[in-house]
Amino acid sequence: MVRRLLLDARAAMASPNRNARSAVVLGRLLGLAFVICFGTGLYSHFLQDPLPGMRFPTRPTQLYQFTQGLHITAGIAIIPLLVAKLNTVMPALAQVPPVRGVLHLLERVSIAVFVSAALVQVATGLVNTYQWYPWPFPFRQVHYALAYVLIGSLVLHIATKLPIITRYWRKRDSYDEHGRFVADPSVGSELLPPGLEERTAPAPPAAAGPVVASYPRGITGRVLRWVDGAPAAATDPLPETRHERPIAASEPREPSPDASLGGAEATRGRRERVARRGFFAGVAAATVGVVVLTAGQSNRLAEPFNVFGARQRHRGPNDLPVNRTARAAGVLATATAADWTLTVVGHDVSRTFARAELVALGTTEVDLPISCVEGWSQMASWRGVRMRDLLAAVQAPPGSHVRVTSLERHGGYRIMDMGPEYAEDPTTLVALELNGEKLDLDHGFPARIIAPGRPGVLQTKWIEKIEVIR
Amino acid sequence: MRATRIVLAVLGVLVIAFGAYVMVTTVRPNRIWGLATWLVGAVILHDAILSPFVVAVGLLLRRTGRALRAWALVVVQAVVVLGTVLALVVLPEIAAKAHGQKNPTVLPFDYGVRLLVVEGVLVLVAIVVLLLGARRFGARRRRAPYTTG
């Protein structure tokens, strides 16, 4: 009963796109995208949670803008690729028998883990860029832990499928001279179309005709016959594959004696090829489409096509989008207080500066991007006091680590630590102006941090204290 | 090959185990249950709902495709795939905006209208392609029924 159901399902899923070669092609792209996301994600993670002794590059100053933009863009490109890959390997869902042994069971469990981790990771990652968290678990910790599960599953998946991957790595090994998929039962692919298991290249002459099994009996068979417009003869094995269309006008006429045989092969091959190319054209269109229509939130070139991006560059106070407003941070009163001062604490010396006193120290102008972990980014022009000048004012020794505290009452980024590579960088500022205007309250008035190559959450706003911690 | 596979498999299992370790040490147990429901839900959604749906749509497309030129079918298929993927990305965005913006610079656009416009353009493209395809196919068949296409 179950077996019958699975066989019917396999028959309904049979398609020229659902073969091992398509799975390898999509798997390569998807694997590459996963690795890109994993690498850029780890970089972003360690920027925010460094292991002891970690140092990071401050040049190019747009490095994080690039890596995180790539993280989000590759993550969005994963959506169509993942859907396509799952669609391609769908017949493996209906394997007969469902479990062949302990190892096979473990493999299927590992694929279930892989698929579910990938779906949850990509879906929650996408919705996170919309700043919406409709799930019962913390996003950041789960996204980080699932990344390891996902990439480990990818490695394990490559291990289990390695014979199939190498067998179908190259196109010329995957299709015969007519463009038909060469089903090789020896490598253990679960994507061999029903009835095609014995087919090898070149096509054996005797069996060249009826290479596809007859339609299954019962309702499935009737549905499939209706789909293909095939005659209702119950026992007749059909000589043609599915995706059949009466296109007599386009069939080549060959004069050779076995014209019907070779011609049928060539026609079938051409149709399979068209179906496959159509499938990949659709996947390519979808991938390019979602990327181009969203990448404008982080990429200047794609800005005119920013139809669905979660942000629009240059929209916001000071010509720049805002992530956390002063109201949300609870600093409306403290940040606008007339007696605001910035306290700078060295090992032996402590000083406090009013805003006018900071200006009097001498200001510098730098161009640095704001690059959010959620993917949007924008270059901006900042004017403020160099961090290293402030540190010199309290006689901080070279190589000092710094801790910056914000006026925010709560939130995970109220306190921010900064290694010496940033603290001593000439472009790291306590910024007072943004894009030629006084810093907007939502951008961190009266003063905020801006440093090269760091995520936006570490560009602390509404600062009140800078301490030399070691 | 065998050695490579064993090394990869062991490495993969170790990395998965590390992920599980990070999970249980950084996420509270009751939250892990929440995550577990989502992980199981994702498999059920894919295996029991999305896959049968895709099979049904594929069969319908196959049935419809019999009356079409191959390239017209390809265009229609590309439009269906692109339209579906865009909806997958933008529908949650619409829901997120309906749920409330944190500030006016987050989700600044009217995504519902934009999705409708883009999907409308896609449908229009598909219709034009189908009409052109049907006309040229018909003309060619009348003119020269036995030449190669």
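Residues numbered from 1 in each chain as written. Chains lettered and ligands numbered in written order. Predicted model: local features only at pLDDT ≥ 70, side-chain atom pairs only at ≥ 80, totals over all residues.

Check the secondary structure of chain B and you find four helices and zero strands. Listing the helices and strands of chain B from first to last along the sequence gives α-α-α-α. By principal-axis analysis of the C-alpha atoms, chain B measures approximately 75 × 55 × 25 Å. For chain B, buried positions account for 26% of its 149 residues. Long-range contacts, defined as pairs at least 24 residues apart, comprise 62% of the intrachain contacts of chain B with a sequence gap of at least 6. (Helix = DSSP H or I, 4+ residues; strand = E, 2+ residues; numbered from the N terminus. Buried ≥ 20, exposed ≤ 12 C-beta atoms within 10 Å, placed from the backbone. Contact = placed C-beta atoms within 7 Å.)

A word on helix α4 (residues 102-129) of chain A. Helix length check: α4 of chain A, at 28 residues, gives a terminal C-alpha distance of 41 Å against a target of 40 Å (1.5 Å per residue), a fit within 8%. Trailing α4 of chain A by a residue or two, Q131 of chain A shows a phi angle of about 55°, which is positive. (Expected span 1.5 Å × (residues − 1).)

With that out of the way, let us pick up helix α1 (residues 2-26) of chain B. In a regular helix each residue adds 1.5 Å, so 25 residues correspond to 36 Å; α1 of chain B covers 36 Å between its end C-alpha atoms and thus fits that length. Within the span of α1 of chain B, buried status applies to A9, G12, V15, I16, G19 and M23 of chain B. Contacts made by the buried residues of α1 of chain B are with α5 (139-167) of chain A together with α2 (29-65) of chain B.

Residues and elements named next belong to chain A. When cut into domains, chain A gives domain 1 (1-310) and domain 2 (317-468). Each partner contributes residues to the interface: domain 1 has 22 residues there, and domain 2 has 19 residues. Residue assignment for the side of domain 1 that touches domain 2 shows that the elements contributing at least two residues are α2 (20-48), α3 (63-88) and α4. (Domains from an automatic or database assignment.)

Turning our eyes to something else, we now look at the interface of chain B and chain A. Listed per partner, the contact involves 65 residues of chain B and 70 residues of chain A. The set of elements that each furnish at least two residues to the side of chain B that touches chain A consists of α1, α2, α3 (70-99) and α4 (111-143) of chain B. Per-class residue counts for the side of chain B that touches chain A are 39 nonpolar, 15 polar and eleven charged. (Nonpolar A, V, L, I, M, F, W, Y, C, P; charged D, E, K, R; others polar.)

Residue and element names in this part refer to chain A. At a minimum axis separation of 10 Å, α3 and α4 run at an interaxial angle of 140°. By the angle between their directions, the pair α3 and α4 is classed as oblique. Classified by chirality, the crossing of α4 by α3 is left-handed. Where α3 approaches α4, its residues I72, G75, I76, I78, I79, L82 and L86 are matched on the opposing element by V115, A118, V122, G125, L126 and T129. Looking at side-chain class alone, the contact of α3 with α4 contains ten nonpolar, three polar and no charged residues. (Axes fitted to C-alpha atoms, helices over the stretch in contact; angles between N-to-C directions. Parallel < 35°, antiparallel > 145°, perpendicular 65-115°, else oblique. Left-handed = near helix turned anticlockwise from the far one by under 90°.)

Residue and element names in this part refer to chain A. Looking at chain A as a whole, the pLDDT averages 85, with 88% of positions reaching at least 70. Mean pLDDT values for the elements of chain A range from 76 in helix α6 (residues 218-228) up to 96 in α2. Below a pLDDT of 50 lies the segment residues 196-213, which in the model reaches 25 contacts outside its immediate sequence neighbourhood of four places, other chains included. Every residue in residues 233-259 is under pLDDT 50, and counting partners more than four places away or in other chains gives 38 contacts. (pLDDT = per-residue confidence, 0-100.)

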